Amino acid sequence: MECKRERNETMCTCSFSCTRKGLCCECVKHHREKGQLPGCYFSEEMEKTGDRSIEAFFRDWQAR
Ligand code: SF4
């Protein structure tokens, strides 16, 4: 299976500079191991805070 990194980068909503950008499989693994969610799960405003915790996700979701 071919890597879709280039295509993924055009859709990535993460505002942080990171070696995993566009490598969604590595991004998910990295944040899952830390008990977090990837940046694309968050609103634009919450994503910019860099808080990837599940608690932040719930707060963000409830504010929608
Ligand atoms: S969410 Fe985290 S791992 Fe994914 S691109 Fe952004 S900083 Fe990198």
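What comes next is a walk through the structure.

Criteria and thresholds
- Residues numbered from 1 in each chain as written.
- Predicted model: local features only at pLDDT ≥ 70, side-chain atom pairs only at ≥ 80, totals over all residues.
- Heavy atoms only, no water.
- Near = heavy atom within 4 Å.
- Nonpolar A, V, L, I, M, F, W, Y, C, P; charged D, E, K, R; others polar.
- Phe/Tyr/Trp six-rings, centres within 6.5 Å; stacked < 30°, edge-to-face > 60°.
- Helix = DSSP H or I, 4+ residues; strand = E, 2+ residues; numbered from the N terminus.

Turning next to the site of the ligand. Inspection of the region around the ligand gives C14, C18, R20, K21, C27, H31, G39 and R52 as its neighbouring residues. Residue composition of the shell around the ligand, by class: three nonpolar, two polar and three charged.

This next bit is on the packing of aromatic side chains. To describe a pair of aromatic rings, one takes the distance between the centres and the angle between the planes. The final tally for this structure, using the stated rule, is four aromatic pairs. Arranged with centres 6.2 Å apart and planes meeting at 75°, the rings of Y41 and F57 form a pair that is edge-to-face. On the criterion of sequence distance, the pair formed by Y41 in the loop between α2 (24-33) and α3 (44-47) and F57 in helix α4 (residues 54-62) is long-range, its members being 16 residues apart. Here the aromatic rings of F57 and W61 are separated by 6.1 Å at their centres, their planes lie at 25°, and the arrangement is stacked. On the criterion of helical spacing, the pair formed by F57 and W61 is a turn pair, its members being four residues apart in helix α4. The rings of Y41, F42, F57, F58 and W61 are connected pair by pair, giving a single aromatic cluster.

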